[in-house]
Amino acid sequence: MRRTLFLAASLLVAATAAAKDVTHEFQAAVARGGVQRVVIAISAGKFTVRNSTGDRLALSGIPSRDFDGSKEKIWAQKVVDDTSVEFVINGAEAIVRRKFGKNAQSFRAQKFTGIDLRLDLPKGMDVDFDTSAGEIDMEGDFGDIDIDLRAGEVDVKMPRNRVRELNASCRVGEVRTHLGNEVITREGLFPGKTHFFNAAGTAHVNVHVTAGEVDVTLTQ
């Protein structure tokens with residue numbers, strides 16, 4: 001079931017689902033300063049989130065797209081070369097958003113250019129995904145986490161003692177939660193929600209996918 005369900009998500013993010021012939025690498029970093037919360041304001045893509053080694057926010061990634069013919073390849077290369085991701089700091093919040101240069105201003109250029117992004121964030125940082133579809137892989141020590149995808153796959157690993165409340169659910173698909181002392185698996189149509197509470201924790205973790213897979217592991 002899990003492969004079949006994820007096919008629907010892959011179709012929605014086809015720009016990131018297949019190997020591409022045209023790519024471009026980018027990276028950026030900013031000091032944490034007073035930032036407490038990071039919002040990923042990218043509608044679709046592949047996202048990897050880890051803890052940084054220092055007190056800064058860093059990102060690196062690859063925009064990509066396919067093409068049809070040598071003429072379109074030249075245009076496609078210009079598009080990905082002018083596509084990147086940036087941090088925009090607003091008080092205690094850092095917004096992660098796509099950045100487009102002059103060669104990537106059209107709807108076609110922006111809509112069908114995929115993003116494979118890695119974020120390295122300080123421990124304890126709150127993370128909020130304003131994302132509709134894709135793959136999210138988070139592993140580390142974070143604060144509050146809020147993920148709500150229409151379609152895709154989410155894999156979250158974080159320390160059990162950090163989590164105060166966990167809600168993991170999907171509407172169609174599979175939810176697996178590894179709580180340290182037990183593993184709960186739910187699947188099918190409206191499989192329900194897994195809830196975990198730890199009075200000693202501080203982080204609120206909410207993970208939902210309308211169609212796809214959720215896998216949450218609370219480590220010892």
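The notes below deal with the structure included here. (Residues numbered from 1 in each chain as written. Predicted model: local features only at pLDDT ≥ 70, side-chain atom pairs only at ≥ 80, totals over all residues. Heavy atoms only, no water.)

Description of the environment of Glu174
Along the chain, the position of Glu174 falls in strand S12 (residues 163–178). The exposure class assigned to Glu174 is buried, which follows from its relative accessible area of 10%. Put simply, Glu174 and Val209 are 35 residues apart on the chain and 9.3 Å apart in space, counted from C-alpha to C-alpha. (Helix = DSSP H or I, 4+ residues; strand = E, 2+ residues; numbered from the N terminus. Buried < 20%, exposed > 50% of the residue type's maximum accessible area, 1.4 Å probe, protein only.)

Quick notes on the nonpolar core
Of all hydrophobic cores here, the largest spans 44 residues; its most connected members are Val96, Leu117, Met138 and Ile147. The element contributing the most residues to this core is strand S15 (residues 203–219), with seven residues. Ignoring sequence-local partners within four residues, the contact set of Met138 consists of Val49, Arg50, Val127, Phe129, Ile145, Ile147, Asp155, Val156 and Lys157. (Core = buried A, V, L, I, M, F, W, Y, C linked by side-chain atoms within 4.5 Å. Contact = heavy atoms within 4.5 Å.)

Digging into the environment of Leu166
Of note, Leu166 is situated in strand S12. The exposure class assigned to Leu166 is buried, which follows from its relative accessible area of 0%. Considered as a pair, Leu166 and His195 are 29 residues apart in the sequence and their alpha carbons are 5.5 Å apart. The residues contacting Leu166, other than those within four sequence positions of it, are Thr177, Leu179, Thr194, His195, Phe196, Val205, Val216 and Leu218.

Quick notes on the pairing of strand S9 (residues 126–129)
Bridge count for strand S3 (residues 37–40) against S9 is four bridges, and the pairing is parallel. Pairing of Val39 across the sheet is with Asp128, part of S9. The pairing of S9 with strand S11 (residues 145–159) spans two bridges and is parallel. Counterpart to Val127 in the pairing with S11 is Ile145. (Pairing = 2+ DSSP bridges.)

All we've got here are geometric facts, nothing functional implied.
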